Amino acid sequence: MTWHPTSRPEISRRRWLQTATVASLTTLLKGGSTARGAADPDVLAEQAARVAVVQKCAPSVVAIFGPGGGGGGSGVLITPDGFALTNFHVTSGAGDFMKCGLNNGELYDAVIVGIDPTGDVALIKLFGREDFPVATLGDSDQLAVGETCYAMGNPFLLATDFSPTVTYGIISGLHRYQGPAGTFLEYTDCIQVDASINPGNSGGPLFSAAGDLVGINGRGSFEKRGRVNSGAGYAISINQIKHFLDHLRGGLIVDHATLGAAVATKDDGSMVVTNILDSSEAFRRGLRVDDEIASFAGRPIRSVNQFKNILGIYPKGWKLPLVYRREGRKQEIFVRLRGLHRQSEMTLQPPERPAEEPKPGDKDQDKGRKPGAPKPPRPAGRGKPKPPEQYAKFLVEKPGFANFHFNQLEQERVLRGLAAWGDFKTPTGAWKLTAHAVAADLPAVFTLADELCGLILADGQQAFAQETNAEAKQGDEPPATGGLLLALHQLRWLLAKGPQAFSELYYAGSEPLDGNGPLVDVLATERFTARTRFLFDKQTGELIGFDTERDEDVDPCEVRFEGIAEFQGRKFPKLLIVRHADREYGRFELRAANWGDA
Amino acid sequence: MPSDRLWDACVRAAIWGLSLVLMCLVAVAPAQQSNAPEEVTPSPAEAPAQSRQQRVIEQVSRRVVKIFGAGRLKNLYAYSSGFLVSPQGHLVTIWSHVLDEQEVTVVLHDGRRFAGRIVGAEPQLDLAVLKIDAEDLPCFELDEAVTPPVGARVLSFSNMFKVATGDEPVSVLHGVISARTRLTARRGVFDSAYNGPVLVVDAITNNPGSGGGVLTTRDGQLAGMVGKELRNAQSNTWMNYAIPIAELKTAIQDIISGTFTPKSNPLEAPLSSPRFLPIDFGLVLVPDVIQRTPAFIDAVLPDSRAADVQLKANDLVLFVNDQLIQSVRMLREELARLEPGDTLKLVVRRENILIPVELTVPETARKPRKRGTEPEASSDDP
């Protein structure tokens, strides 16, 4: 049979598209009458669906280039004001300012926002529109092996008009683990596809059969066939990225997490703790060597790879549930995860394109190499290309941050939630909070001044004090609270002195409240050695509690609020719930407040 | 296989909108389904078709195993794939260096690990049959294997790149049969041992660790065993192919029943043999005694191709087809890589003069030889 590659399919497709709008499923079931001789109606239906998905998704796909137009990779827009996801190994090669092309043929300027070097994710922001076409974020946990998927992007930098190249295939595997390849980037719980992923696809979207964004394509198993697709491409799951999205929007260099304990699979298939840091929170919550890990973050654990997989999708500092088994008894604990890397490791730029040069014969090196397009080395120091003038103000460099400008924006947004409580800044004197300790049924009076905080319980039968200056020892006062007086001092400092009064203050992304609650925004502060994380409701913007750590590796004093009432013209929580080391210390019901007005 | 048919029946029931309850009824009453039709009517709707394919993939994946064995040396990976062919734990895989151990580790779909031992092998078919001590395993029925026509849509299941190690399912690729042909391929400098019919696929199915995986139809019917990584002997490109089960079935069944007499003794037969040796050109090289023995010509046979171009004893071979030659071993490798009819360009040094010469490669490659008759590496140049 002769096949006319140019004319025939075009005609049949057009005919199909005309009829598709009116054709119902039942007419299709009659079988092949509309396009007999051309193709099976099922095939045409599938093709039409495919075309529709591509048309729906393609406008959100970004072709990313370095400032000089060289190098490049792919990305995908996720908000109408221009935030787009890509790979860290794309932006690290392209520099802080990029040029981004969309399939309308237009080129836009873009700036780096936040980076996740371990997870190989970066967030950038395109300028110039408030109505960018966006991809719909899907749920990658709902994918099944065998499902159709589409990879879009700019492989081999083919698209001179910026319209993405589309490859499609099936989901070949789920929850795959691809360990570090020469660098510290690690693909955990990732999606394996047989759609072609080639150099230049890096950072581009993986869409589900329905056209939802389910992953960011970033790696492939490349072996001796050269740096081209060899049937196994890997995408970072969108569900992992969702955990980091607020961090990234805050201009942070985000880190992944570790439990602070080593695990191994025993002969009987169980997963046990083989080593644990006694400075880790897991240890303080009671986890010990030989305990069997049953589940983590709500997912059952059956292998080390699986544990690494689940651990790898969470940011440093998140508190998550862990169930362990000891002598047949199950115990659930909540553990705040430690950072995978030291601060210094995260601040330093990783070596440029570390896995770029294949080492002949070194298979492990080759395996899982990143399909980034060849890029010019990033100019260092004074050789940096000048940013476009009108956008230069959108980049604020600060050690520890990818772009502090975006952190300032998030700080402003979160701090607006405090404004509703009223003006605490005008008063100059000490706070006096008259409260009632609920369980103990005792009166409690807190006095919070600039350099000294005190608590008097039961009309003077018990008294506690905490100095709050540079020389003072930041103690656990009252004992077994984790430092309640120090903690309340931080709250007063934020309300009365303002954000500038802290030695450090930054937006720290979001986290699930107390390990299993809704996501809350986190504002982190430092004053002397005390670190505080103020927690804000994402919906209402209201401050709902805070945790203060006196020092590193000690359990914080956790204060949660319930109910808001007006005290002397200012709003304040009616009930303060104080917890420390997984135990509730007490509840204080506020009866009256004096804010130190002159 | 009854359980297969049962699944098919269940899936069909779902497609046609029968209730879950009915599915359960069907599941406990297999006899009622004994006259179920062989062919599944293609489903018109997208969603059931997808879930049906997912069901097929899940069912096939359960019958594919990960094999871990010898290797780990440079360029030798220590893993491959296999598939179960009996409920008692017989499994089929490729005959490869991974099996060069007393026992290999076989990991099932559910993460259970077993010691696998070789029951039998037929190197000419690239075939080995292993046995693990287990029972009631999900397996393929060899008698139900099919050979799909060119153009048929297929799935390939294997543990390529060792992506799965425990209870994770193996990787699945999709593609079509692009050709049914005879294999003319080679592995490194050697011809492949198997040169029978193969199913060529348009997906990149033959990767490290893929060998011993399965090729199935979209309905999950067994069609072939994914072969080892080989290059096409003509084009030098990597091949994606599977050996049809029809070619392997008798040998597998005979090995399992204990009635198998191998055409070649797996312990004696080499995997394959070099295509061209220096002697084919009339060249006798100096004995290969150190790591990098310089590629000096020890003698030139009279009336040989080398003699025709006036090569002489004590000439040092510096280049073969523009490739710098650093040792006798490297020269042998380069010669072995040649194709019949190629032009062989040599540059030799003779008393500080560089002399380029051109030879024609013989039209026929040498026949694979049994290990017993194959000359030792340093003794074929007398």
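Residues numbered from 1 in each chain as written. Chains lettered and ligands numbered in written order. Predicted model: local features only at pLDDT ≥ 70, side-chain atom pairs only at ≥ 80, totals over all residues. Heavy atoms only, no water.

1. Some details on the overall build of chain B
Okay, so step 1: A count of helices and strands for chain B gives six helices and 21 strands.
Okay, so step 2: Evaluated residue by residue, chain B yields a buried proportion of 51% over its 382 residues.
Okay, so step 3: For chain B, contacts bridging at least 24 residues in sequence account for 63% of all contacts bridging at least 6. (Helix = DSSP H or I, 4+ residues; strand = E, 2+ residues; numbered from the N terminus. Buried < 20%, exposed > 50% of the residue type's maximum accessible area, 1.4 Å probe, protein only. Contact = heavy atoms within 4.5 Å.)

2. Quick notes on the environment of P87(B)
Residues and elements named next belong to chain B.
Okay, so step 1: With respect to the secondary-structure elements, P87 resides in the loop between β2 (79–84) and β3 (90–94).
Okay, so step 2: Taking the relative accessible area as the measure of exposure, P87 reaches 32% and is therefore partly exposed.
Okay, so step 3: Separated by 47 residues in sequence, P87 and A134 have C-alpha atoms that sit 7.8 Å apart.

3. Side note on the sheet that holds strand β22 (residues 442–448) of chain A
Residues and elements named next belong to chain A.
Okay, so step 1: As summarised here, the arrangement of the eleven strands in space is β24-β23-β22-β21-β31-β30-β29-β28-β27-β26-β25, forming an open sheet in which the pairing is antiparallel. Across the chains shown, the open sheet's two edge strands, defined by having one partner strand only, are β24 (462–467) and β25 (504–512). With strand direction ignored, the average angle separating the axes of adjacent strands in the sheet is 25°.
Okay, so step 2: As paired strands, strand β21 (residues 431–437) and strand β31 (residues 583–594) are joined by six bridges and run antiparallel to one another. Bridge pairing in β31 links A435 to L590.
Okay, so step 3: Contacts from helix α5 (residues 238–249) reach β25 and β26 (519–527) within the one sheet, and its direction differs from that of β25 by about 165°. (Pairing = 2+ DSSP bridges. Axes fitted to C-alpha atoms, helices over the stretch in contact; angles between N-to-C directions.)

4. With respect to the packing of aromatic side chains
Okay, so step 1: Evaluation of the coordinates by the stated rule reveals 25 aromatic pairs over all chains.
Okay, so step 2: Judged by centre distance (4.9 Å) and plane angle (80°), the rings of W431(A) and W595(A) are edge-to-face. Of this pair, W431(A) sits in strand β21 while W595(A) sits in the segment after β31, placing them 164 residues apart in sequence.
Okay, so step 3: The ring of F283(A) carries R288(A) above its face, with NZ or CZ at 3.7 Å from the centroid.
Okay, so step 4: The cationic tip of R63(B) hangs over the ring face of F140(B); the distance from NZ or CZ to the ring centre is 5.5 Å. (Phe/Tyr/Trp six-rings, centres within 6.5 Å; stacked < 30°, edge-to-face > 60°. Lys NZ or Arg CZ within 6 Å of the ring centre and 35° of its normal.)

5. Quick notes on unusual backbone geometry
Okay, so step 1: Here the bond from E477(A) into P478(A) is cis, since omega is -15°, no more than 30 degrees from zero.
Okay, so step 2: Tracing the chain through its elements places P478(A) in the loop between β24 and α11 (484–497).
Okay, so step 3: At D322(B), a residue that is not glycine, the phi angle is positive and equals roughly 70°.
Okay, so step 4: Within the secondary structure layout, D322(B) lies in the loop between β18 (316–320) and β19 (323–324).
Okay, so step 5: Of note in the backbone geometry, E351(B) takes a positive phi value of approximately 50° without being a glycine.
Okay, so step 6: Of note, E351(B) is situated in the loop between β20 (343–350) and β21 (353–360).

6. Concerning the pairing of strand β30 (residues 570–580) of chain A
The two faces of a sheet get side chains in turn, since along a regular strand they alternate between them.
Residue and element names in this part refer to chain A.
Okay, so step 1: Within β30, eight of the eleven residues are buried, which leaves it mostly tucked inside the rest of the structure.
Okay, so step 2: Sheet analysis places strand β29 (residues 557–567) next to β30, joined by ten bridges and oriented antiparallel. In the strand pairing of β30, V559 is matched with V578.
Okay, so step 3: Adjacent in sequence and paired antiparallel, β29 and β30 are bridged by two residues, among which Q568 carries a positive phi angle near 50°.

7. Overview of helix α7 (residues 304–312) of chain A
Okay, so step 1: Most of α7(A) sits out of view: seven of its nine residues are buried.
Okay, so step 2: Restricting attention to buried positions, one finds in α7(A) the residues N305(A), Q306(A), F307(A), N309(A), I310(A), L311(A) and G312(A).

8. A short note on the confidence of the model for chain B
Residue and element names in this part refer to chain B.
Okay, so step 1: Confidence along chain B averages 79 in pLDDT terms, with 76% of residues attaining 70 or more.
Okay, so step 2: Counted against residues more than four places away or in other chains, residues 268–272, with its pLDDT under 50, gives ten contacts.
Okay, so step 3: The low-confidence segment residues 368–382 (pLDDT under 50) makes 25 contacts with residues lying over four places distant or belonging to another chain.
Okay, so step 4: Interface confidence in the predicted complex, given as ipTM, is 0.77; pTM for the same model is 0.76. (pLDDT = per-residue confidence, 0-100.)

9. Observations concerning the environment of L137(B)
Residues and elements named next belong to chain B.
Okay, so step 1: Following the sequence through the fold, L137 ends up in the loop between β6 (127–131) and β7 (153–158).
Okay, so step 2: With 56 residues separating them in the primary sequence, L137 and S81 have C-alpha atoms 16 Å apart.
Okay, so step 3: Setting aside its immediate chain neighbours within four residues, L137 contacts L84, S86, P87, G89, L108, R112 and I132.

10. Examining the pairing of strand β5 (residues 107–116) of chain A
Residue and element names in this part refer to chain A.
Okay, so step 1: The buried count for β5 comes to nine of ten residues, which makes it a mostly enclosed element.
Okay, so step 2: In the sheet, strand β4 (residues 97–101) pairs with β5 via five bridges, with the strands oriented antiparallel. Note on β5: the bridge partner recorded for M98 is A110.
Okay, so step 3: Remark: five residues form the turn of the hairpin made by β4 and β5, two consecutive strands paired antiparallel; G105 in that turn has positive phi of roughly 85°.
Okay, so step 4: The sheet contact formed by β5 and strand β6 (residues 121–126) spans six bridges and is antiparallel. Within the sheet, the bridge partner assigned to A110 lies in β6 and is L126.

11. Looking at the sheet that holds strand β1 (residues 61–65) of chain A
Residue and element names in this part refer to chain A.
Okay, so step 1: Reading around the barrel, the six strands line up as β1-β2-β3-β6-β5-β4 and close back on themselves, with antiparallel pairing between neighbours. For this sheet the average axis-to-axis angle between neighbouring strands, irrespective of direction, equals 40°.
Okay, so step 2: Of the strand pairs in this sheet, β1 and strand β2 (residues 73–77) are connected by four bridges, and their pairing is antiparallel. The residue of β2 that forms the bridge with A63 is S74.

12. As for the side chain of D116(A)
Residues and elements named next belong to chain A.
Okay, so step 1: Considering the arrangement of structural elements, one finds D116 in strand β5.
Okay, so step 2: A polar atom in the side chain of D116 sits 2.8 Å from the side chain of H256.
Okay, so step 3: For D116, the contacting residues outside a window of four places in its chain are F88, V121, Q240, F244, L248, V254 and H256. (Polar contact = N/O pair within 3.5 Å; in protein donor to acceptor, adjacent residues only side chain to side chain.)

13. Comments concerning the pattern of salt bridges
A side chain with one charge can pair with a side chain of the opposite charge if their charged atoms come near.
Residues and elements named next belong to chain A.
Okay, so step 1: Going through the model one piece at a time under the given rule, you end up with 41 salt bridges over all chains.
Okay, so step 2: A salt bridge links R284 to D555; its shortest N-O distance comes to 2.9 Å. Here the residue R284 occupies a position in helix α6 (residues 281–284), and D555 occupies one in the loop between β28 (543–549) and β29, the gap between them amounting to 271 residues.
Okay, so step 3: Residue classification places R284 among the partly exposed residues on the basis of a relative accessible area of 28%. (Salt bridge = Lys/Arg side-chain N within 4 Å of Asp/Glu carboxyl O.)

14. Observations regarding the nonpolar core
Okay, so step 1: One finds L85(A), I124(A), L126(A) and F207(A) to be the most contacted residues of the largest nonpolar core, which totals 70 residues.
Okay, so step 2: Tallying contributions element by element places β5(A) first for this core, with six residues.
Okay, so step 3: The contact partners of F207(A), leaving out residues within four places of it in the chain, are C57(A), S60(A), V61(A), V76(A), A135(A), C149(A), Y150(A), M152(A), D212(A), L213(A) and V214(A).
Okay, so step 4: In terms of nonpolar packing, the next biggest core, distinct from the first, is built from 49 residues, I191(A), V193(A), V92(B) and M225(B) among them. (Core = buried A, V, L, I, M, F, W, Y, C linked by side-chain atoms within 4.5 Å.)

15. Here's the deal with a nonpolar patch on the surface
Okay, so step 1: Together, F156(A), L158(A) and V228(A) make up an exposed nonpolar region whose accessible area comes to about 270 Å².
Okay, so step 2: Here L158(A) is to be found in the loop between β7 (148–153) and β8 (165–178). (Patch = residues over 30% accessible without salt bridge, like charges linked within 9 Å, V, L, I, M, F, W, Y side chains within 5 Å. Areas by Shrake-Rupley, 256 points an atom, 1.4 Å probe, with all protein chains shown as cover.)

16. Side note on the side chain of S156(B)
Okay, so step 1: You can see S156(B) is positioned in strand β7.
Okay, so step 2: Not counting the four nearest positions on each side in its chain, S156(B) is found in contact with S171(B), V172(B), L173(B), T205(B), V214(B), L215(B) and V226(B).

17. Section: the environment of Y585(A)
Residue and element names in this part refer to chain A.
Okay, so step 1: Here Y585 is to be found in strand β31.
Okay, so step 2: In sequence terms Y585 and E504 are 81 residues apart; their C-alpha atoms lie 28 Å from each other.
Okay, so step 3: Not counting residues within four places of it along the chain, the set of residues in contact with Y585 comprises P478, P479, A480, T481, V578 and R579.

18. Looking at helix α10 (residues 404–419) of chain A
Okay, so step 1: Taking 1.5 Å per residue, 16 residues should reach 22 Å; α10(A) reaches 23 Å between its end C-alpha atoms and fits that length.
Okay, so step 2: Of all the residues in α10(A), the buried ones are F404(A), H405(A), F406(A), N407(A), E410(A), Q411(A), V414(A), L415(A), G417(A) and L418(A). (Expected span 1.5 Å × (residues − 1).)

19. Concerning the state of the cysteines
Among covalent bonds in proteins, the disulfide is the one between the sulfur atoms of two cysteines.
All names here are of chain A.
Okay, so step 1: Counting across every chain of the model gives zero disulfides over all chains.
Okay, so step 2: Left without a disulfide partner, C57 is nearest to the cysteine sulfur of C149, which lies 12 Å away.
Okay, so step 3: For the unlinked cysteine C100, the closest cysteine sulfur is that of C57, found at 18 Å.
Okay, so step 4: When its relative accessible area of 0% is taken as the criterion, C100 is described as buried. (Disulfide = S-S within 2.5 Å.)

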